[in-house]
Amino acid sequence: MTRKALVAAVALCGLSVAACGGTADGADAGPARIGGSASQNAAPAAQTTQTTQTAGSTGDVQATPAASPTTSPATSPATVAGSTPGTSLQGKVIVIDPGHNGQNYRHPSEINKQVNILTEKKACDTTGTATNSGYSEAAFTWDVSQRLAKILKSRGATVKLTRPNNDGVGPCITERAAIGNKAKANAAISIHADGAPPAGHGFHIIMPKKINGPVDPVVDASRKLGIDVRDAFKSGTGVPYSTYIGAKALDFRNDLGGLNLSTVPKIFIECGNMRNAGDAANFQSPAFRQKAAVALANGLQNYLK
Ligand code: ZN
């Protein structure tokens, strides 16, 4: 690996950390820590305009706020596809956590504030990543979450989101967990997309590990939730298992506040790699986002039935 390539890889690792808390294992775990620095996360938008070259050279592109033409709200005709009305989820409470927030990049001091996630101290929140063309992870997670909420409600579920729009800051990862706990959710899902080296593609699920803490009693249930959502996402979207992390798209971590602090069954999904051209093309397609939302709803429903 050339020095340039190494720097690029480190930047990407940092990006991955900034996006979602970092890889818990693997060779990238060490250098990835730099992603937590304020300078990485606080990159002003002005530095994010060069988004077409190799992702590694623009590690701060995650701050790009640009809304691509494909960031249409969940109001297209496709939205209703798959949202078969019914009562199959009646009585169930589901909390959806759309990762990051659209204005996080403008408020570095707020989102870099350190919070206690029991296994370590960590930034309150991060900017998230983006595709090379500037479609932000925050916009993606918000759009999929809106679609998912609509489908789940149509099936009778009570749905709560951890943020009201994509125009704000945070909340902190600790608060994101607390919202699920307070709601006594039957299931909670945090929706993300990764910022990994461009060659890697595919989706993966992140589940909690026991930490001698509040999440321990729901580790087993979270694993079952994770497997149900994995199976539904694979069959519903055709997106392959991640080529760069986890085993059969399953990863277990103890460094994510949203999981460590959860007292309800909870998982993260990294729907793919925003820095991979194929995955990015998917993310920027409203039809794909609808397909993803339906698949997630089916996975949640399979778990809850
Ligand atoms: Zn993320």
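Residues numbered from 1 in each chain as written. Predicted model: local features only at pLDDT ≥ 70, side-chain atom pairs only at ≥ 80, totals over all residues. Heavy atoms only, no water.

Undergrad: Mind showing me how you'd approach the sheet that holds strand β7 (residues 250–253) here?
TA: As a general point, the strands of a sheet are linked pairwise by backbone hydrogen bonds and lie either parallel or antiparallel. Spatial strand order, β4-β1-β5-β8-β6-β7: 6 strands in an open sheet with mixed pairing. Lying at the two open borders of the sheet, with one neighbouring strand each, are β4 (158–161) and β7. Strand-to-strand twist of the sheet, defined as the mean angle between neighbouring strand axes without regard to direction, takes the value 25°. Bridge analysis of strand β6 (residues 204–208) against β7 gives 4 bridges, and the strand direction is parallel. Paired with isoleucine 206 across the bridge in β7 is aspartate 251. Against the sheet, helix α4 (residues 137–154) touches β1 (93–98), β4, β5 (187–194) and β8 (266–273), its axis set at about 150° to β5. (Pairing = 2+ DSSP bridges. Helix = DSSP H or I, 4+ residues; strand = E, 2+ residues; numbered from the N terminus. Axes fitted to C-alpha atoms, helices over the stretch in contact; angles between N-to-C directions. Contact = heavy atoms within 4.5 Å.)

Undergrad: For this particular structure, what's the right way to read the packing of helix α6 (residues 219–237) against helix α9 (residues 286–304)?
TA: In a pair of packed helices, the angle between the axes and the distance between the axes together describe the arrangement. At their nearest, the axes of α6 and α9 sit 8 Å apart, and the two run at 140° to each other. Between α6 and α9 lies a crossing whose hand is right-handed. On the side of α6, the interface is formed by Ala221, Lys224, Leu225, Asp228, Val229, Ala232, Phe233, Gly236 and Thr237, while α9 contributes Phe288, Lys291, Ala292, Ala295, Leu296, Asn298, Gly299, Leu300, Asn302 and Tyr303. Of the residues that constitute the contact of α6 with α9, the class distribution is 11 nonpolar, 5 polar and 3 charged. (Left-handed = near helix turned anticlockwise from the far one by under 90°. Nonpolar A, V, L, I, M, F, W, Y, C, P; charged D, E, K, R; others polar.)

Undergrad: What's the story with helix α5 (residues 173–182) in this structure? I'm lost.
TA: Residues of α5 that are buried include every one of Ile173, Arg176, Ala177, Ile179, Gly180 and Asn181, and no others. Here the buried face of α5 lies against β1, β2 (114–116), β3 (121–123), β4, α7 (257–260) and β8. Of the residues flanking the end of α5, it is lysine 184, one or two places downstream, whose phi is positive at about 50°. (Buried < 20%, exposed > 50% of the residue type's maximum accessible area, 1.4 Å probe, protein only.)

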